[in-house]
Amino acid sequence: MTSVVTLVGNPRGGSRTRIAAVAAAEAIGERIGHDGSHEVVDLSALGPQLLAPGPSAGVEVALELVTGADVLVVASPTYKGTYTGLLKAFLDRLPPAALTGVAALPVLVMGDPRHALAVEVHLRPLLVELGAHVPTPGLALLERELPDLGEVLARWTARVAPQVTAALGERTGIRLREGAGT
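Residues numbered from 1 in each chain as written. Predicted model: local features only at pLDDT ≥ 70, side-chain atom pairs only at ≥ 80, totals over all residues. Heavy atoms only, no water.

Engineer: Can you tell me about the pattern of salt bridges, naming the residues and giving the values?
Structural biologist: Scanning the entire structure with this criterion turns up five salt bridges. Between Glu143 and Arg16 there is a salt bridge, with its nearest N and O atoms 3.3 Å apart. Residue Glu143 is found in the loop between strand 5 (139-142) and helix 6 (149-172), and its partner Arg16 is found in helix 1 (residues 16-31); the two are separated by 127 residues along the sequence. Overall, Glu143 belongs to the partly exposed group, its relative accessible area being 33%. Residue Arg16 is classed as partly exposed on the basis of its relative accessible area, which comes to 48%. Its salt-bridge partner being Lys88, residue Asp92 comes within 2.6 Å of it at the nearest N-O pair. (Salt bridge = Lys/Arg side-chain N within 4 Å of Asp/Glu carboxyl O. Helix = DSSP H or I, 4+ residues; strand = E, 2+ residues; numbered from the N terminus. Buried < 20%, exposed > 50% of the residue type's maximum accessible area, 1.4 Å probe, protein only.)

Engineer: Lay out the confidence of the model for the chain in plain terms, naming residues and giving numbers.
Structural biologist: Residues shown with low pLDDT carry predicted positions that ought not to be read at fine detail. Looking at the chain, pLDDT values average 91 and 93% of them are 70 or higher. Here residues 174-182 is a poorly scored stretch, pLDDT under 50, and it has 14 contacts once near neighbours within four places are set aside; other chains count. (pLDDT = per-residue confidence, 0-100. Contact = heavy atoms within 4.5 Å.)

Engineer: Outline the pairing of strand 1 (residues 4-8), listing residues and values.
Structural biologist: Where burial is concerned, most of strand 1 is hidden: five out of the five residues are buried. Residues Val4, Thr6 and Val8 point to one face of strand 1 and Val5 and Leu7 to the other, with burial holding for every one of them. One ladder, built from five bridges, connects strand 1 with strand 2 (residues 38-42); its direction is parallel. In the sheet register, Leu7 faces strand 2, and the bridge partner there is Val41. With respect to chirality, the unit in which strand 1 leads through helix 1 into the neighbouring parallel strand 2 is right-handed. (Pairing = 2+ DSSP bridges. Right-handed = clockwise from strand over helix to strand, strands pointing away.)

This is the structure:
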């Protein structure tokens, strides 16, 4: 069974970023024929543990969920034209190639359309550096688009689902359910 995990890099709990990220994970999951549960790693609850010296059980569980995902939606608000330091601090704990075989989907929520390239210029390369297969385009979601989130996600998933399906087929060596991703 395919596992879908959402990683939310917003330092505030209950954020619009989390809402958008979970909706994106559900939309892509539905589009590729995933009928299992979706795990959510919300870094707002792990912030102090991420910056503390020494290991943390919560962080270790989160790292295992992320590295064990087949599909990983990685979401952050856009701060200073890129993703949050909280997300970077978490991803820095991963060893090289930790996301090999994972289809990672970058999502940035932003207030200004001038930051739209940040998803491809900043977040995508970080995920690729960690070994993930990153279908394009990532989702650059403007705050003003949040009321129309379903429509935005429908267009986006239509573009990336075939790439996700292909990546999953390569990872598992099996053909996914007929019609998935179309």
